[in-house]
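Chain by chain, the residues run as shown.
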Amino acid sequence: MLQLVNIPYLAPELPDTESLTQPGITTTYADLIVDYLHQMGIDTVFGVPGGAIEPLLNSLARSERRGGPRLVVARHECGAAFMADGYTRETGKMGVVCATTGPGATNLITGVASALADEVPMLVITAQTPLPKFGKRALQESSCTAIDTVGMFRYVTQFNTLVSHHEQLESKLVSAIMAAHRKPNGPVHISIPADVLRSPATIKAHIHSDLLVHDFAMADDSAIARLGEKLGRVDNLVMYIGNGVGKASAQIMEFIELTGAAFVTGPMGKTWVDEHHPLYRGVYGFAGHESAKNLLQSKDVDLILAVGTELGELGTSGWKDDLLNTKLVHIDSSIEHFTRSPMANLHVFGNIDVIFTRLLEKVREARKWGRKWETLPGTSSTPNANGGFFTLADESKCYSDERPVKPQRLMSHLSRQLPEDTRIFVDAGNGWSWATHYLSRSNSAGLYRIAMGYGSMAWSIGAAIGSAIGNRMAPTLCIVGDGSYLMSAQEITVAAQQQLPVVFLVLNDAAMGMVMHGQRLGQQESIGWELNTVDYALMAKSMGVDGIVIDCPTQLDQVDYQALFSKKGPTLLDVRIDRNEVPPMGDRIKGLAVNGSATPGG
């Protein structure tokens, strides 16, 4: 039986005020939106100004003066969406992004699509020209009779609507917020004509925020009982941990300790584990470790528990049967994810923390009666260059003092030198490969952040900024390739304007490295990957940001990260890396060759 327990949402303490509007100023429906955000404890809206969205910006201006939600202006709407994404990852609150009509709305789409693919809750508010102008070819018109932006957002959101009358606004806003927080989480979109936004409000926000965001505790007791029976019949088990385990990570680690289960993670799941744990065999999938592959391929494996994973291409090494076979038990809070594991012998649905609370009860009881499980061999007793016990390819290069800097050396340096509570954002491209394989951490609180669902280049820049706005005291590092940085370099000025001590580390090799190496490994034509030589430190200085050039390991070792994270402003590290070092993505290229796909970009 599936059991549900409603856990009340605790509203944050807010300023003692009935409204965020000033006395003597008419309350508008834009104010109603801001009041709801204020109730939910959301203090920042990201966006770019424009004529049709101005009524909402007016409301945010009044709100900020009274200590309520404020506007942070990005340099491009896509960057604003990435900032809202990063804000959510840091604060746990729904990200909010706004844009004007027409091109303002269309510029948002990639950032919103990225949030959908990575299951990030986000409220997207776009404007429309006033209703009387619909169908008249007004400037930047994006109604259903022009460039239909609402139609476009239909494919990248979980809820999508046009507000065509002010009396619809509250109910549609409430529906959108609730839809953003259902499992799986994702972005929602409401498009509002300018005249509706500025209309005098006839109501106040009256639906309390604890009714908008529910955290239901769910558990399929019958499936958990069947899993308990399976655990009692096997000698060993292996765990595969995905990005969706979230707050259940501590319970999962206790389960691992009690059962002696060797475990691996997907490329994104490694954020929830101690990568220095002696039972950790490394990453399975894209840029993964040989020790992880060997573990899953062992004929001695009795049962594989895959937890909190959507089983996408990069996390399964191209859907290989090392993982996807009849030994698999798939445990997840999203039924949709089970569609990619039809071969599994059991699906266990529910909140993962609730499921493992029940499983721990069973395992502890079994241990009382002397039940033990075996740990499969497969790791060295000697730590690797970064402190873990899994295999590293070309490990000697982690110690190299050659110049330009070896990427392996750089990631090993970051593994050892970054403060343990650093928020690390890794961009699409070669950074994915190098960080997945060589950057390891003992922190298991979800502070290593990577967006592999949609693979949007330049995501890390905006996301790091949004995260730092959500928590200014947290050390924040953005690792981005030069190809991605050139797409969105202007967003660094937002970090400067907001006085955020974000460190932007640019992998400077004058190449779109993943394209270059992908073409070479896949024996394709060499085309389109070369970039011109750029001094990114000098470029940053022109924007009022401190820039440091690093072209040899001795300079790298002189970086004082604590000092950089304590500044009142960002820093750019222009790290000149050896572009001839081949990233550990050979399996990915083999899979592309078999399926006839193009190499990934970045």
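Residues numbered from 1 in each chain as written. Predicted model: local features only at pLDDT ≥ 70, side-chain atom pairs only at ≥ 80, totals over all residues. Heavy atoms only, no water.

## Side note on the sheet that holds strand 3 (residues 70-73)
Pairing is parallel across the open sheet formed by six strands, whose spatial order is 3-2-4-5-7-6. The open sheet is flanked by strand 3 and strand 6 (159-162), the only strands paired with a single partner. The sheet shows a mean angle of 20° between the axes of neighbouring strands, taken without regard to direction. Inspection of the sheet shows strand 4 (residues 95-99) paired to strand 5 (residues 122-128) by five bridges, in the parallel sense. Bridge assignment links Cys98 to a residue of strand 5, and that residue is Ile125. In the packing of helix 4 (residues 103-117) onto the sheet, the strands contacted are strand 4, strand 5 and strand 7 (187-193), and the crossing angle to strand 5 comes to about 165°. (Pairing = 2+ DSSP bridges. Helix = DSSP H or I, 4+ residues; strand = E, 2+ residues; numbered from the N terminus. Axes fitted to C-alpha atoms, helices over the stretch in contact; angles between N-to-C directions. Contact = heavy atoms within 4.5 Å.)

## A short note on the nonpolar core
Among the nonpolar cores identified, the biggest contains 86 residues, and Met94, Leu123, Ile125, Ile192, Ile465, Tyr485 and Phe504 are the most heavily contacted of them. Setting aside residues no more than four positions away along its own chain, Ile125 makes contact with Ile33, Ile53, Leu56, Val96, Val97, Cys98, Ala99, Ile190 and Ile192. Ranked by size, the runner-up nonpolar core spans 80 residues in total, among them Val234, Met253, Leu258 and Cys398. (Core = buried A, V, L, I, M, F, W, Y, C linked by side-chain atoms within 4.5 Å. Buried < 20%, exposed > 50% of the residue type's maximum accessible area, 1.4 Å probe, protein only.)

## Points about the sheet that holds strand 9 (residues 237-241)
The strand order across the open sheet formed by six strands is 11-10-9-12-13-14, and the pairing between neighbours is parallel. Here the strands that pair on one side only, and so sit at the sheet edges, are strand 11 (280-283) and strand 14 (346-349). When strand polarity is set aside, the average angle formed by the axes of neighbouring strands in this sheet is 20°. In this sheet, strand 12 (residues 303-307) lies alongside strand 9 in parallel orientation, the contact comprising five bridges. Residue Leu237 lies in a different strand from strand 12, and its bridge partner there is Leu303. Sitting on the sheet, helix 8 (residues 221-233) is in contact with strand 9, strand 12, strand 13 (328-332) and strand 14, with an inclination near 130° to strand 14. Its contacts with the sheet put helix 11 (residues 352-368) on strand 9, strand 12, strand 13 and strand 14, and the angle it makes with strand 13 is roughly 125°.

## Notes on the confidence of the model for the protein chain
When pLDDT is averaged along the protein chain, the result is 91; 92% of the residues meet or exceed 70. Considering only residues more than four positions removed or in separate chains, one finds that residues 1-21, a stretch of pLDDT under 50, has 54 contacts. Note on residues 596-602: pLDDT under 50 across the span, and 23 contacts to partners over four residues away in sequence or across chains. (pLDDT = per-residue confidence, 0-100.)

## Considering the side chain of Asp574
Here Asp574 shows up in strand 20 (residues 571-576). On the basis of relative accessible area, Asp574 is assigned to the buried category, the value being 0%. Side-chain polar atoms of Asp574 contact the backbone nitrogen of Tyr536, separated by 2.9 Å. A distance of 3.0 Å separates a polar atom in the side chain of Asp574 from a polar atom in the side chain of Arg576. Residues within four places of Asp574 in sequence aside, it is in contact with Val506, Asn508, Val534, Asp535, Tyr536, Ala537, Ile548, Val549 and Ile550. (Polar contact = N/O pair within 3.5 Å; in protein donor to acceptor, adjacent residues only side chain to side chain.)

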